[in-house]
Amino acid sequence: YGGYASYAGLELSLERGGWQSAPSDPFAYYAPPRWSSGVIPAGGPVRGSTLVELYGGDEARAALSVVAAASATADVACAFGGAIVRATASATGGSLRCTTPPWHTAGAVSVRVSLNGQQFHELVPPTSDGTPPGEMAPDAPLSADSTTFTYYQPAPPVEIVPPQGPTAGGTN
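As the structure is a computational prediction, the values presented were derived from the model and not from experiment.

Draft legend 1. Examining the overall build of the chain more closely. Secondary structure assignment for the chain yields 1 helix and 12 strands. Within the chain, the fraction of its 172 residues that count as buried is 33%. If you take every contact in the chain between residues at least 6 apart in sequence, the share linking residues at least 24 apart comes to 59%. About 10300 Å² of surface is accessible on the chain, with carbon and sulfur atoms providing 53% of the total.

Draft legend 2. Here's a closer look at the state of the cysteines. One pass over the full model with this rule turns up 1 disulfide. In this model Cys78 forms its disulfide with Cys98; the gap between the sulfur atoms is 1.7 Å. Taken together, the residues Cys78 in strand E7 (residues 77–80) and Cys98 in strand E9 (residues 95–99) connect sequence positions 20 residues apart. Side by side, Cys78 and Cys98 carry an identical accessibility label, which is buried.

Draft legend 3. Seen up close, the side chain of Ser114. By secondary structure assignment, the location of Ser114 is in strand E10 (residues 107–114). With a relative accessible area of 0%, Ser114 lands in the buried category. A polar side-chain atom of Ser114 sits 3.3 Å from the main-chain amide nitrogen of Gln118. When sequence neighbours within four positions are dropped, the list of residues in contact with Ser114 reads Asp75, Val76, Ala77, Gln119 and Phe120.

Draft legend 4. View of the pairing of strand E8 (residues 83–90). Across 4 bridges, the pairing between E7 and E8 is antiparallel. Each bridged residue has a counterpart across the sheet, and for Ala79 the counterpart in E8 is Ile84. Counted along the chain from E7 to the antiparallel partner E8, the turn is 2 residues long, and its residue Gly81 has a positive phi close to 60°. The antiparallel pairing of E8 with E9 creates a hairpin that spans 4 residues between the two strands, and Gly94 there sits at a positive phi of about 60°.

Draft legend 5. Up close: the nonpolar core. Formed by 26 residues in total, the largest nonpolar core has its most connected members in Trp35, Phe80, Leu115 and Phe149. Mapped onto this core, the elements with two or more residues apiece are strand E6 (51–55), helix H1 (57–69), E7, E8, E9, E10 and strand E12 (148–152). Sort the elements by how many residues they give to this core and H1 lands first, with 4 residues. Phe80 has contacts with Val52, Val85, Cys98, Thr100, Pro101, Trp103, Val109, Ser110, Val111, Phe149 and Tyr151, leaving out every residue within four places of it along the chain.

Draft legend 6. Examining the packing of aromatic side chains more closely. This model, assessed by the stated rule, comprises 3 aromatic pairs. Their ring planes at 15° and their centres at 5.7 Å tell us that Trp103 and Tyr151 sit as a pair that is stacked. Of this pair, Trp103 sits in the loop between E9 and E10 while Tyr151 is found in strand E12, placing the two residues 48 residues apart along the sequence. On the basis of relative accessibility, which here comes to 18%, the residue Trp103 falls in the buried class. Residue classification places Tyr151 among the buried residues on the basis of a relative accessible area of 1%.

Draft legend 7. Seen up close, the side chain of Thr148. Among the secondary structure elements, Thr148 is positioned in strand E12. Assessed through its relative accessible area of 18%, Thr148 is described here as buried. Apart from residues no more than four positions distant in its own chain, Thr148 is found in contact with Val39, Ala42, Ala108, Val109, Ser110 and Val111.

Calculation criteria
- Residues numbered from 1 in each chain as written.
- Predicted model: local features only at pLDDT ≥ 70, side-chain atom pairs only at ≥ 80, totals over all residues.
- Heavy atoms only, no water.
- Helix = DSSP H or I, 4+ residues; strand = E, 2+ residues; numbered from the N terminus.
- Buried < 20%, exposed > 50% of the residue type's maximum accessible area, 1.4 Å probe, protein only.
- Contact = heavy atoms within 4.5 Å.
- Areas by Shrake-Rupley, 256 points an atom, 1.4 Å probe, with all protein chains shown as cover.
- Disulfide = S-S within 2.5 Å.
- Polar contact = N/O pair within 3.5 Å; in protein donor to acceptor, adjacent residues only side chain to side chain.
- Pairing = 2+ DSSP bridges.
- Core = buried A, V, L, I, M, F, W, Y, C linked by side-chain atoms within 4.5 Å.
- Phe/Tyr/Trp six-rings, centres within 6.5 Å; stacked < 30°, edge-to-face > 60°.

Below is the structure:
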């Protein structure tokens, strides 16, 4: 898978007097992909339920293909601050979708991704000029906002006066 990932059978067992080999499910090996798009959208209400998408290009396509081949896509997850939610993955699109959990207060929280449900990796922010991470200079300015999700309080209800008008418009 492009040098980013691979999978193989992992057969280990410890029995009295030595090791035994037994058939097992495939085991996925992958380098954590860079989710270079950042968090899209960058914010939503504290009540949660905002659909967030992350795109990672070839690295993500390779890693997600291996995870899918190992039948482990149920373990793919996103973490918003300390809250973990399951993600849906598209190996062909190299993308993840997560629905934000409710959050107790307005503000920014870090977003992390796990392809195995146990090890969470920080997002790699794109540069402030949009250059993909693999092509940026080591001292390029990063856009830290792209690695967080900002929760906000919903706007208060507004009274609209007058409550109606003609379909042609022009109501003051």
